Amino acid sequence: LESQLRASISLLTHRGPDSTGTYISDDGRLGLGHTRLSIIDVEGGQQPLHDTDGHIHAVVNGELYDYQKLRQELEGKGQTFQTLSDSELVIHLYQVHGFNLVHYLRGEFAFVLYDSRRKVLFAARDRFGIKPLFYTLNNGRLLLASEMKGLLGFGWKAEWDVQSICEGGDFNDNRTVFKGVFKLSPAHQLIFTHTGQLKIQPYWDQPYQSSKSVETRSIEEIINGVREHLVSAVQVRLRSDVPLAVSLSGGIDSCAVAGIASALLKEKNPAAKVVTFTLAFPDRSDLDEGPIAKRMAEKIGAEIHMITPTEADLVAKFEESVYHCEMALHTFHAAGKCILSDHIQRAGYKVLLTGEGSDEIQGGYSFLLTDYLRAPDPASYSLGIPLPSPAEMASALQEIEKIPPFPNHISIGDMSYFDHELARSMLGGISTPRLWATTTTPEKLLHPRVLNGLEVANPTMVIAEGLRPEARANMVTGNWHPLHGALYTTANVMLTLILNQSGDRAEMCSSVEGRQPFLDQNLVEYMNNVPPSLKIKPHKGDNGKWLFTEKWILRQAVKPFITEEVYLRKKQQYNSPIPQRTQKERGHATKLTPLQVFLKERITANLVNALGFMDWPSIK
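Residues numbered from 1 in each chain as written. Predicted model: local features only at pLDDT ≥ 70, side-chain atom pairs only at ≥ 80, totals over all residues. Heavy atoms only, no water.

With an unreviewed UniProt entry as reference, the protein is termed Glutamine amidotransferase type-2 domain-containing protein, source organism Galerina marginata.

So, on to the pattern of salt bridges. Summed over all chains, the structure comprises 40 salt bridges. In this structure, Lys 119 engages Asp 27 in a salt bridge whose closest nitrogen and oxygen atoms are separated by 3.6 Å. Note that Lys 119 is positioned in the loop between strand S5 (107-115) and strand S6 (120-125) and Asp 27 in the loop between strand S1 (19-24) and strand S2 (31-36), a separation of 92 residues in sequence. The partner of Lys 551 in a salt bridge is Asp 253, with the nearest N and O atoms 2.9 Å apart. Placement of the pair is Lys 551 in the loop between strand S18 (546-550) and helix H22 (552-558) and Asp 253 in helix H7 (residues 252-268), with a sequence separation of 298 residues. One exposure class covers both Lys 551 and Asp 253, and it is buried. Sharing partners across several salt bridges, the network here consists of Arg 15, Lys 131, Glu 147, Lys 149, Glu 326, Asp 504 and Arg 505. (Salt bridge = Lys/Arg side-chain N within 4 Å of Asp/Glu carboxyl O. Helix = DSSP H or I, 4+ residues; strand = E, 2+ residues; numbered from the N terminus. Buried < 20%, exposed > 50% of the residue type's maximum accessible area, 1.4 Å probe, protein only.)

Let us look at the UniProt feature "site: Important for beta-aspartyl-AMP intermediate formation" (unreviewed entry) in the protein. UniProt tags Glu 356 as "site: Important for beta-aspartyl-AMP intermediate formation" (unreviewed entry). Its location among the elements puts Glu 356 in the loop between strand S15 (351-353) and helix H11 (358-362). Overall, the relative accessible area of 15% leaves Glu 356 in the buried class. A distance of 3.4 Å separates the side chain of Glu 356 from the side chain of Lys 337, its partner in a polar contact. (UniProt positions renumbered as here; feature names shortened; annotations may be inferred. Polar contact = N/O pair within 3.5 Å; in protein donor to acceptor, adjacent residues only side chain to side chain.)

Judged by pairing direction, the sheet is antiparallel, and its three strands sit side by side in the order S8-S7-S9 without closing on themselves. Each edge of the open sheet is held by one strand with a lone partner, namely strand S8 (141-145) and strand S9 (181-183). Averaged over all adjacent pairs, the angle separating strand axes in this sheet is 25 degrees, with direction ignored. For strand S7 (residues 134-138) and S9, the ladder comprises three bridges, and the chain directions are antiparallel. Bridge assignment links Tyr 135 to a residue of S9, and that residue is Phe 182. (Pairing = 2+ DSSP bridges. Axes fitted to C-alpha atoms, helices over the stretch in contact; angles between N-to-C directions.)

So, on to the environment of Glu 320. Note that Glu 320 resides in helix H9 (residues 311-325). A sequence separation of 18 residues divides Glu 320 from Cys 338, and the C-alpha atoms of the two residues are 8.6 Å apart. A distance of 3.2 Å separates polar atoms of two side chains, one belonging to Glu 320 and the other to Lys 317.

Here Thr 35 lies in strand S2. In this structure Thr 35 comes out as buried when scored by relative accessible area, which is 13%. At 3.3 Å, the side chain of Thr 35 forms a polar contact with the backbone oxygen of Leu 12. Once residues within four sequence positions are removed from consideration, Thr 35 is found in contact with Ile 9, Leu 12, Thr 13, Arg 15, Gly 16, Ser 19 and Thr 20. (Contact = heavy atoms within 4.5 Å.)

In this section: the domain arrangement of the protein. Domain parsing of the protein yields domain 1 (1-202), domain 2 (219-360 + 493-568) and domain 3 (581-619). Its C-alpha centre places domain 1 at a distance of 42 Å from the equivalent point of domain 3. (Domains from an automatic or database assignment.)

One finds Leu 101, Phe 111, Leu 534 and Ile 562 to be the most contacted residues of the largest nonpolar core, which totals 84 residues. The biggest single contributor to this core is H7, with eight residues. When we break this core down by domain, the ones giving at least three residues each are domain 1 (1-202) and domain 2 (219-360 + 493-568). Residues Phe 281, Leu 368, Ala 464 and Leu 595 belong to the second largest nonpolar core, which totals 58 residues. (Core = buried A, V, L, I, M, F, W, Y, C linked by side-chain atoms within 4.5 Å.)

Here we take up the sheet that holds strand S12 (residues 244-247). Strand order in the open sheet made by the five strands is S14-S13-S12-S15-S16, with parallel pairing throughout. Sheet topology places strand S14 (303-307) and strand S16 (513-515) at the edges, where each strand pairs with a single neighbour. In this sheet, adjacent strand axes meet at a mean angle of 30 degrees when their direction is disregarded. Here strand S13 (residues 275-279) pairs with S14 via five bridges, running parallel. Along S14, the bridge assignment pairs Leu 279 with Ile 307. Contacts from helix H10 (residues 333-346) reach S12, S13, S14 and S15 within the one sheet, and its direction differs from that of S13 by about 145 degrees.

We now examine helix H17 (residues 459-466). Summarising burial for H17: six of the eight residues are buried, a large majority. Three or more residues of H17 are buried, namely Pro 459, Thr 460, Met 461, Val 462, Ile 463 and Ala 464. Regarding H17, its N-cap is Asn 458, as a side-chain oxygen of that residue lies 3.0 Å from the backbone nitrogen of Thr 460 further along.

Further remarks concern the packing of aromatic side chains. One pass over the structure, following the stated rule, counts 17 aromatic pairs. For the pair Trp 156 and Phe 178, a centre-to-centre distance of 5.6 Å together with 80 degrees between the ring planes defines the contact as edge-to-face. Here the residue Trp 156 occupies a position in the loop between S8 and helix H4 (162-167), and Phe 178 occupies one in the loop between helix H5 (169-172) and S9, the gap between them amounting to 22 residues. A single burial state applies to Trp 156 and to Phe 178, both of which are buried. Clustering of aromatic rings is evident, with ring pairs tying together Tyr 94, Phe 99, Phe 109, Phe 111 and Phe 122. (Phe/Tyr/Trp six-rings, centres within 6.5 Å; stacked < 30°, edge-to-face > 60°.)

In structure tokens:
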């Protein structure tokens, strides 16, 4: 078992290059392995962690906040800490609260704990799936790992899960592209006993205000509440014993994080400078956010690092990003973030604050407007803001649904507002899951032999069935406003994929820990009780037509920390773009671009046919 643990963690050293450790139970039936990226208590804090009696053992990945407060409370209850590491909280919270320990954790985490007296294993993943955790049953053993490649050390053999691939299981529920390997879902815990009983249970879910509730707070009170919670979320994430930086784009989310971080640092030291890293694409001035980010960084007096990868750089990093993400990728998001993380690591930084998670909580995506328009917002009636009448909302919705949305950079399938009626009705009629289903591989690209041999569910139904029954009930009964149903869907489906591709995997490939203030539990629970019309705020234009501002409440809350340019800017879909080219230059055919060369080499009849489930004629 020791050699298998060592083989496993050797495949994960990019996640923790500073030290490794193992533990094997006295009966030889259980082993824990850990690769450490030292952030807090650099000198101590080695893992696996143990209690003073040698009965409780744990490996912890991530960062836990409110550490000092919790430590004092636990010491007051007789607990004795052996390190200054925040990870040790898991041991002592278990001793005091048992499986309820997860309710006391604030942060980004995945952990596995073993109680040798009870011979029970307990694992859990944070509320939003920021940190990954996979599991499989293999040859009578339960295996868990932060990345699926870690399972190889135990003799696991990877085999394509064609059913999952056809249904978009890796994108739409807790499956992966490999047979028998599953993601422990966000906000879930896993319990495994020595008798072989396996239980997976949710421990938290997103609460939303009732669509019929009446708002009693003033708009100013709500704005201040959002600001206070976001400032707190950034503040706790500034705690680090190693150098820290901010990932800065031209969007309001990362700009807000950078602005707040700068303000907090200057409160302690007026000369303090936040360090920012920005991906810029000067060859695509139509999409490049670099100049906006630079102006924001200059406003707050940051130490600025601009990284400008070429198309060749992105292509060269693409296969490595697939290796780290362990899933199909159809954009350069992950490749770009891997390049950014490389630069951050080489510059000597281990911790990175980012803006991920805001759109899924604050209402930032343009397609969410469709679901906002599906029902009136009684909760906002008392706020004194102009709102469209039900007839005006219905008319605006009808205009949008006349024309299917233009496929964006993540869509690879067609979209309709009117198909898959049963799946949409299970979620109260919202269209957001149908839109996300367009990211799934279209059936026309799959080999007919595969389709004839499988009963493939449509991806929209996969999404609907994958959400919790209680959430579906809140959507169907109208207890949640349709916008909140859409936000719940994006947070439970889209967000986990984004956090995998552009978050943890693309950061930890270079041993960088990402922290996401917008996914602070306290902030999210506060935001979920903000009326829909303050997230997507309606107002009449000069021509009398209703216009809608996404993330309105966030804009007001962070206005003191950002530039006017960022405050007024409409959200743009982020991508790592490649230069635009014409077919001919000076009358001559241009040579193949780096991306074209890459695709020509990788997408061939032999390689596609070797997969066994894709249809070469359709792809060609």
